Amino acid sequence: MKTIFNFLTKLVQNNTGVSSKNFFLVVVTFIGLILLLIPAIVLLVEVFYNHTIQTNLQGMAAYIGSVASVFATAGITKAWSEKYEKK
């Protein structure tokens with residue numbers, strides 16, 4: 001457990017200390033991965049029990065696209081805010 005905490009602490013730090021932008025990016029990544037795991041589990045359960053997929057795949061694609069847009073928003077926010085930062 002301590003090694004996971006140390007790993008997360010290293011992910012959040014940058015040259016000047018703890019960065020809120022890095023924290024935001026890490027949290028959005030973990031939440032996004034959990035949100036993308038949900039459709040995979042739903043489809044697997046449906047295939048195993050019904051032996052077919054009757055879920056609306058257009059709705060599933062819209063859901064995955066919205067989660068991808070959350071990833072893009074977090075990445076663009078970090079990149080844009082560090083564009084003029086002196087290193």
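In this report, we go over the structure that sits alongside the text. (Residues numbered from 1 in each chain as written. Predicted model: local features only at pLDDT ≥ 70, side-chain atom pairs only at ≥ 80, totals over all residues. Heavy atoms only, no water.)

Of regular secondary structure, the chain possesses three helices and two strands. The helix and strand sequence of the chain, counted from the amino end, reads α-β-β-α-α. C-alpha atoms of the chain, sized along the principal axes, occupy 55 × 35 × 15 Å. For the chain, with 87 residues in total, the buried portion stands at 15%. Pairs at least 24 residues apart make up 53% of the contacts formed inside the chain by residues separated by at least 6 positions. For the chain, the accessible surface area stands at approximately 7000 Å², while carbon and sulfur atoms represent 71% of it. (Helix = DSSP H or I, 4+ residues; strand = E, 2+ residues; numbered from the N terminus. Buried < 20%, exposed > 50% of the residue type's maximum accessible area, 1.4 Å probe, protein only. Contact = heavy atoms within 4.5 Å. Areas by Shrake-Rupley, 256 points an atom, 1.4 Å probe, with all protein chains shown as cover.)

Examined against the element boundaries, Glu46 turns out to sit in helix H2 (residues 20-50). Lys78 provides the closest opposite charge to the buried, salt-bridge-free Glu46, at an N-O distance of 38 Å. Of the polar contacts made by the side chain of Glu46, one reaches the backbone nitrogen of Gln54; its length is 2.7 Å. Ignoring sequence-local partners within four residues, the contact set of Glu46 consists of His51, Thr52, Ile53, Gln54 and Thr55. (Lys, Arg positive; Asp, Glu negative; His and termini not counted. Salt bridge = Lys/Arg side-chain N within 4 Å of Asp/Glu carboxyl O. Polar contact = N/O pair within 3.5 Å; in protein donor to acceptor, adjacent residues only side chain to side chain.)

Next up on the list: unusual backbone geometry. Of note in this structure, His51 is not a glycine but carries a positive phi near 60°. Turning to its location among the elements, His51 is positioned in the loop between H2 and helix H3 (57-81).

In the contact formed by helix H1 (residues 2-12) and H2, the axes pass within 8 Å of each other and the chain directions differ by 125°. Taken together, the axis directions place H1 and H2 in an arrangement best described as oblique. Listed contacts from H2 to Leu8, Leu11 and Val12 of H1 are Asn22, Phe23, Val26 and Phe30. Its residues placed into classes, the contact of H1 with H2 shows six nonpolar, one polar and no charged. (Axes fitted to C-alpha atoms, helices over the stretch in contact; angles between N-to-C directions. Parallel < 35°, antiparallel > 145°, perpendicular 65-115°, else oblique. Nonpolar A, V, L, I, M, F, W, Y, C, P; charged D, E, K, R; others polar.)

When two helices pack together, their arrangement is given by the angle between the helix axes and by the axis-to-axis distance. Running from N to C, H2 and H3 point in directions that differ by 170°, and their axes come no closer than 10 Å. Regarding the angle of H2 to H3, the classification is roughly antiparallel. When grouped by side-chain class, the residues that make up the contact of H2 with H3 number 18 nonpolar, five polar and two charged.

With that settled, the discussion passes to the side chain of Lys78. Residue position: Lys78 is located in helix H3. At a separation of 2.6 Å, a polar atom in the side chain of Lys78 contacts the side chain of Asn22. Those residues in contact with Lys78 that sit more than four places away from it in its chain are Lys21, Asn22 and Leu25.

The end-to-end C-alpha distance of H2 is 45 Å, a good match for the 45 Å that 31 residues give at a rise of 1.5 Å each. What H2 keeps buried is the set Asn22, Val26, Val28, Gly32, Pro39 and Glu46. Summarising the contacts, the buried residues of H2 are in contact with H1, strand S1 (13-14) and H3. His51 sits one or two positions beyond H2 and adopts a positive phi of about 60°. (Expected span 1.5 Å × (residues − 1).)

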